[in-house]
Amino acid sequence: MEIHSPLQSTRLFYCAPMASSKQVATMRELNPRTTKLEFFGVPGTLFLVFALPIVPYALFFSCSEENGGCPPHNLWDLAQSLTHQLSTAEGWRLLWDTKAFVAFIGWLVYLVICWAILPGDWVQGTELRDGTRKQYKINALQTMLLTLGLVAGTIHNFGPQSFTFLYEHYLGFITSTTVFSYVLSLLLYYLSFRGEKLVALSANSGYHIHDFWLGRELNPTIGSLDLKTFLELRPGMIGWVLLNISAACEQAVRRGGSITDSMALVLVFQTLYVFDALYNEPALFTTMDVVSEGLGVMLTFGDLTWLPMTYSLQARYLAFNHVELGHYLVGAIVFVKVLGYWIFRSSNGEKDDFRNGKNPKNLSFMETKRGTRLLTSGWWGVSRHPNYMGDLIMALSWCLPTGFNTPITYFYPCYFLVLLIHRQRRDDEACQKKYGDDWTEYKKRVPYRIFPYIY
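Bear in mind that the values here come from a model prediction, so they are computed numbers and not experimental data.

S.K.: Looking at this model, I keep getting lost on the overall build of the chain. Mind explaining?
M.R.: The number of helices and strands found in the chain is 21 helices and six strands. Taken over C-alpha atoms, the radius of gyration comes to 22 Å for the chain, in line with the 23 Å a tight globule of 455 residues would show. Across its three principal axes, the chain shows a C-alpha extent of roughly 65 × 50 × 45 Å. Residues classed as buried in the chain amount to 56% of the 455 residues present. Put simply, the chain shows about 20,300 Å² of open surface, and 64% of that area lies on carbon and sulfur atoms. Computing the positive centroid from 38 side-chain charges and the negative centroid from 36, the chain places the two 6 Å apart.

Take a look at the structure:
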């Protein structure tokens, strides 16, 4: 799961071969049967489908003021209490929050309206296997700016207590987004068998749980609205920022109107990260998610639940743990953030320039038998994924403002490290198939995968 979507913000390059636009093929030829299963096949995807939704709940209950802190003083008592609660129908009903569900559906409707009416350029995506190119409307950043303007006006006119709803109904939003993502994934999986559609090469195995997890149809759309790119950047990414703001408002209410320097850092860091992702919206259309993945549980749950409900953990923690850092610690954490962003943005800039036929830094490269070129200097000579390294450093900077009294707030960089190592290995395998011996030679020239001298 690109649980991150992110879920997104992670700029990934795609190495699988593409068909020529002049190629004429039947849909059967374009959609060959998947022979190599992902995520350890049926057992692995079965586990992920049923076990992964537990994680956001576990993070909520293990880092909650109502349950005794972060973590609770007695985890065993909490586990017994939750087990007893979920052994009854009434206990399960407590996880459901109708107000949260209605608010979430309203949020999706609002975002669709913004996509439809706000101005934005239409751009072409990467050529697909059938020779076609999808058209995408770019206005995610405009949507975010409008939304933040409305939120700022609300808080200015009615005070911080007017925007604590998201914080107060956090558990309900976990349930609402989870239920919606699974229902949507089931519907999309069913519709993927209706008519002739381009399917993901990795999710046409015939094993339903495996293909349901990955997503079978490559580019499901409603009219001209591409669902995959819409979900990648809008509901979860912008929603993440709103959850953070709601947590900050909760802290401000408790503190008489002010927030701590630690909360301010989390707000600024993570909002800038989302702003950067939306500003660079066109970069999304060349990522592995868009070019090669289908839209299944992996992406829908990742975009709608995992990203906003786990990435906002630091702000939620700080809402009831008012950490004051002081000038020196703030300066040190800002340095870590700036370092990560510099590596992330400059390495992506080198890659984007090179892809567009520019080489302003006169970087060295190697020619391949396919007639393409691979960078072997600059950041891309330091490691094969320097952007991942920058992303991970930034992820650490988001957690440092919470201090070191709990390991739970450091869940994100730990999870993100596992995710990016998995993505790196998938990229490496795809590029080995594409470039063959040239990729073997490239790995000799650039031996480090993410961290130089470490991995």
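Picking up where we left off.
S.K.: Looking at this model, I keep getting lost on unusual backbone geometry. Mind explaining?
M.R.: In terms of backbone geometry, most residues other than glycine have negative phi values and most peptide bonds are trans. Backbone geometry at Phe 39 places phi at a positive 55°, although glycine is not the residue there. By the secondary structure assignment, Phe 39 is in the loop between α1 (27-30) and α2 (41-51). On the basis of relative accessible area, Phe 39 is assigned to the buried category, the value being 15%.

S.K.: What exactly am I supposed to notice about the state of the cysteines here?
M.R.: Each disulfide is one covalent bond, formed between the sulfur atoms of two cysteines. For the structure on display, the rule yields one disulfide. Cys 63 shares a disulfide with Cys 70; S-S distance 2.0 Å. Its torsion about the S-S bond being -100°, the disulfide of Cys 63 and Cys 70 is classed as left-handed. Classification of Cys 63 by relative accessible area gives buried; the value is 0%. Cys 249 takes part in no disulfide bond, and the closest cysteine sulfur, belonging to Cys 63, lies 19 Å away. No disulfide involves Cys 414; its nearest neighbouring cysteine sulfur is the one of Cys 399, lying 8.0 Å away.

Rules of the game
- Residues take numbers from 1 onward in each chain, read along the sequence in its written order.
- Given that the model is predicted, a residue must reach a pLDDT of at least 70 before its local features are reported, and side-chain atom pairs must reach 80 or more before they are shown or counted; all residues, however, enter totals for whole chains, interfaces and linings.
- The side-chain figures draw on all heavy atoms in the structure; neither hydrogens nor water molecules are used.
- The way it works is that DSSP assigns letters per residue, a run of H or I at least four long becomes a helix, a run of E at least two long becomes a strand, and they are numbered from the N terminus.
- Atoms counted for the radius of gyration: C-alpha only. Globule rule: 2.2 Å times residue count to the power 0.38.
- Residue burial is assigned from relative accessible area. The probe radius is 1.4 Å, only protein chains are included, and a residue is buried under 20% of its type maximum, exposed over 50%, and partly exposed in between.
- Areas reported here follow the Shrake-Rupley algorithm with a probe of radius 1.4 Å; residue values treat only the protein chains shown as occluding.
- For the purpose of charge, His is not counted, nor are the chain termini; Lys and Arg are scored as positive and Asp and Glu as negative.
- In this description, the location of a charge corresponds to atom NZ of lysine, CZ of arginine, CG of aspartate or CD of glutamate.
- For the purposes of this analysis, a disulfide is any pair of cysteine sulfur atoms at a distance within 2.5 Å.

All quantities given are derived from atomic positions and should not be read as evidence of function.
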